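# Understanding the architecture of this molecule
Now for the letters of each chain:
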Amino acid sequence: MGGRQVTAPDFAGTRVTVAGLGVSGMPAARVLHARGALVTAVTDADDERARAQAEELRALGVTVRLGDGATLPEGTELVVTAPGWQPDKPLFAAAEAAGVPVWGDVELAWRLRGPGAAPWLAVTGTNGKTTTVRMLAAILEAAGHRTAAVGNIGVSLLDAVLAEEPYDVLAVELSSYQLHWAPSVRPHSAAVLNLAPDHLDWHGSMAAYAADKGRVYEGNTVACVYNSADPATEELVRAADVEEGCRAVGFTLGTPRPSELGVVEGLLVDRAFVPDRGQQAQELAEVADVDPPAPHNIANALAAAALARAFGVPATAVRDGLRAFRPDPHRIEHVATIGGVAYVDDSKATNTHAAEASLAAYEPIVWIAGGLAKGASFDELVRGAAKRLRAVVLMGRDRALIREALARHAPNVPVVDLDRADTGAMSEAVREAAGLAESGDTVLLAPACASMDMFTNYNVRGDLFAEAVRARATAAEGD
């Protein structure tokens, strides 16, 4: 299936302000400058890294203003912003007052697509985006398509749309930030995996967060894929303005109804992209083909399969792609089993919704949790997991919020509260958890919080957990 015919815009002589010098701002500034735009890059930062980035851009002829991301440069005709810049920044208020449009890097990439551009199969949601997009790319590759996983992962979206050798189709991960700044993006088909409170400090409300997620469905031509277990995702489909003939397609961990993908007797099956949805079902793969076969990961696989099927991929490619897929590190990754206790790294569970899915996959659990709460409440999470918990080890700045929820909903579960903020706390957390665990238990790092209070990112947090576990495994072998 081909993409829409579009013409890339001519930026020659256009005064463009690029807000931010990070992983999206730098390539945006370079691409715009190469197309003749008069680029001024602005950033709040004025540290060593920012100065090095500024030097690189100035060498090209780009104007750079360090430590001044609040003021709109005079004469600006377009702002291209890094997705993380919050909408309430003064720069954007000034742009709005002056009638200057604001695009994100995703919007820029969409506008730069050439004639016959590869269609986008887009994925968003509170959790599971990266895994689903990578599964989708694996399935598309198994079907023989030249594709890439892009967006927040893999190949840069700008690089993908400007590649000399064109892609057949792109598997695109889109965050709520990116969708907020992407008003004209119109995917071929899209999926919202789930909706739970997250980034509310950025969006201002759950309604605004959901509305930005829902933008992914705008203009879909074949399928709007939603989570049948999450009514909020279906509501976003109902609210979307789609192309004539575009269908709503659900995915479920239960037996699928017509126009759904689901699970029957250990098989992933399709009742959406078959000639007779009322009477037929197409086997796609076995649950055992999904790695790991945790419930939320099976849901990811079904969403990826739905998007691939919307693009016309045969059932055999779904199976082959899922078999070839390997999950990224720090996503319910089994690190080791020591003395009958399994140690699992799900450092990527940076919010309560992700941690809920992780906790539902194991029993009994010694849970390592805590970090930056980002405004989250933990009562519902703890209430749902209480019966699975052997013990809890807490760390990080906002651990008291989890401790208070445990006191309310799991008062008999032992809790160790680590009052230290250095990275060595992870070794102590693993040591404490190991002392609390019994054979048959799982020690689970699923923090339900962001990591930046103690660690550079969730990858470093997970790496330190794995290092501590492997050190214990080595010591156990030496006994």
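From a predicted model like this one, the values you see are computed outputs, not experimental measurements. (Residues numbered from 1 in each chain as written. Predicted model: local features only at pLDDT ≥ 70, side-chain atom pairs only at ≥ 80, totals over all residues. Heavy atoms only, no water.)

A few words on the packing of helix α1 (residues 25-34) against helix α2 (residues 48-60). Look at α1 against α2: their axes get within 11 Å of each other, and the N-to-C directions meet at 5°. What the angle tells us is that α1 and α2 run roughly parallel. Contact residues: M26, A29, R30 and H33 in α1; Q53, E56, L57 and L60 in α2. Among the residues forming the contact of α1 with α2, the class breakdown is four nonpolar, two polar and two charged. (Axes fitted to C-alpha atoms, helices over the stretch in contact; angles between N-to-C directions. Helix = DSSP H or I, 4+ residues; strand = E, 2+ residues; numbered from the N terminus. Parallel < 35°, antiparallel > 145°, perpendicular 65-115°, else oblique. Contact = heavy atoms within 4.5 Å. Nonpolar A, V, L, I, M, F, W, Y, C, P; charged D, E, K, R; others polar.)

The strands making up a sheet associate through hydrogen bonds between their backbones, and the pairing can be parallel or antiparallel. Taken together, five strands build an open sheet; the order of strands is β3-β2-β1-β4-β5 and the sheet is parallel. Edge positions in the sheet fall to β3 (63-66) and β5 (102-104), since each has one partner strand and no second. Between one strand axis and the next, the sheet turns by 25° as a mean value, whatever way the strands run. With four bridges joining them, strand β1 (residues 15-19) and strand β4 (residues 78-81) adopt parallel strand pairing. What sits directly across from V16, in β4, is L78. Contacting β1, β2 (38-43) and β4, α1 runs over the sheet at an angle of about 165° to β1. Seen against the sheet, helix α4 (residues 105-112) touches β4 and β5 and runs at an angle of roughly 90° to β5. (Pairing = 2+ DSSP bridges.)

Once that is clear, we can look at helix α13 (residues 352-359). In an α-helix, one full turn covers 3.6 residues, which means residues spaced three or four apart are oriented alike. Three or more residues of α13 are buried, namely T352, A354, A355, S358 and L359. Taken down its axis, α13 places every buried residue within 160° of arc, on the same side. Check the buried side of α13 and you find it contacts α11 (295-310), β17 (365-369), α14 (379-385), β18 (389-394) and β20 (442-445). Near the N-terminus of α13, the side chain that reaches the backbone nitrogen of H353, with its oxygen 3.2 Å away, is that of N351. (Buried < 20%, exposed > 50% of the residue type's maximum accessible area, 1.4 Å probe, protein only. Arc of directions from axis to C-beta. Polar contact = N/O pair within 3.5 Å; in protein donor to acceptor, adjacent residues only side chain to side chain.)

In total, this model carries four aromatic pairs according to the counting rule given. For the pair F92 and W181, a centre-to-centre distance of 4.7 Å together with 45° between the ring planes defines the contact as tilted. Of this pair, F92 sits in helix α3 (residues 90-97) while W181 sits in the loop between α7 (176-180) and β9 (189-192); the two residues are 89 residues apart in sequence, bridging distant segments of the chain. Here F92 and W181 have matching classes, each one buried. Three or more aromatic residues link up through ring pairs in this structure, and these residues are W85, F92 and W181. The lysine or arginine in question, R247, covers the ring of F273, its NZ or CZ lying 5.3 Å from the ring centre. (Phe/Tyr/Trp six-rings, centres within 6.5 Å; stacked < 30°, edge-to-face > 60°. Lys NZ or Arg CZ within 6 Å of the ring centre and 35° of its normal.)

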